[in-house]
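So you can see what is in the structure, the chains are spelled out below.
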Amino acid sequence: MSDDPSHEAVEALRAIGLYVGPTGDDLSLWLVNGEEMTDTGLIKLTALLGLVSGSATIL
């Protein structure tokens, strides 16, 4: 895993079968199964799904 929480979130979401990819040139925006998300959104989603330790409410 990477030291970058965003990339860890991407790896965790992909591991459960979701499509996660960059939206284009803006590396802080991601597509998750067709929904656009920021880096923070990715991290919140992984916390809500219980894929990483921590709380989604503190972000």
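A. Structural view of the nonpolar core. Of all hydrophobic cores here, the largest spans eight residues; its members are Ala9, Val10, Leu13, Val20, Trp30, Val32, Leu42 and Leu45. Those elements that provide at least two residues to this core are helix 1 (5-15), strand 2 (29-32) and helix 2 (39-48). Here the element with the most residues in this core is helix 1; it accounts for three residues. Setting aside residues no more than four positions away along its own chain, Val10 makes contact with Val20, Trp30 and Leu42.

B. Representation of the packing of helix 1 against helix 2 within the structure. Following both chains from N to C, one finds helix 1 and helix 2 inclined at 50°, their axes separated by 9 Å at the closest point. In terms of axis orientation, helix 1 runs oblique to helix 2. As helix 1 packs across helix 2, the resulting crossing turns out to be left-handed. Where helix 1 abuts helix 2, its residues Pro5, Ser6, Ala9, Val10, Ala12 and Leu13 lie against Asp39, Leu42, Ile43, Leu45 and Thr46.

C. Just unusual backbone geometry, in detail. A positive phi angle is found at Asn33, which is not glycine, with a value near 50°. The topology assignment puts Asn33 in the loop between strand 2 and strand 3 (35-38).

D. Broad picture of the confidence of the model for the chain. When pLDDT is averaged along the chain, the result is 86; 86% of the residues meet or exceed 70. Element-level pLDDT for the chain is lowest in helix 2, with a mean of 91, against a maximum mean of 95 in strand 2.

Basis of the calculations
Residues numbered from 1 in each chain as written. Predicted model: local features only at pLDDT ≥ 70, side-chain atom pairs only at ≥ 80, totals over all residues. Heavy atoms only, no water. Core = buried A, V, L, I, M, F, W, Y, C linked by side-chain atoms within 4.5 Å. Buried < 20%, exposed > 50% of the residue type's maximum accessible area, 1.4 Å probe, protein only. Helix = DSSP H or I, 4+ residues; strand = E, 2+ residues; numbered from the N terminus. Contact = heavy atoms within 4.5 Å. Axes fitted to C-alpha atoms, helices over the stretch in contact; angles between N-to-C directions. Parallel < 35°, antiparallel > 145°, perpendicular 65-115°, else oblique. Left-handed = near helix turned anticlockwise from the far one by under 90°. pLDDT = per-residue confidence, 0-100.

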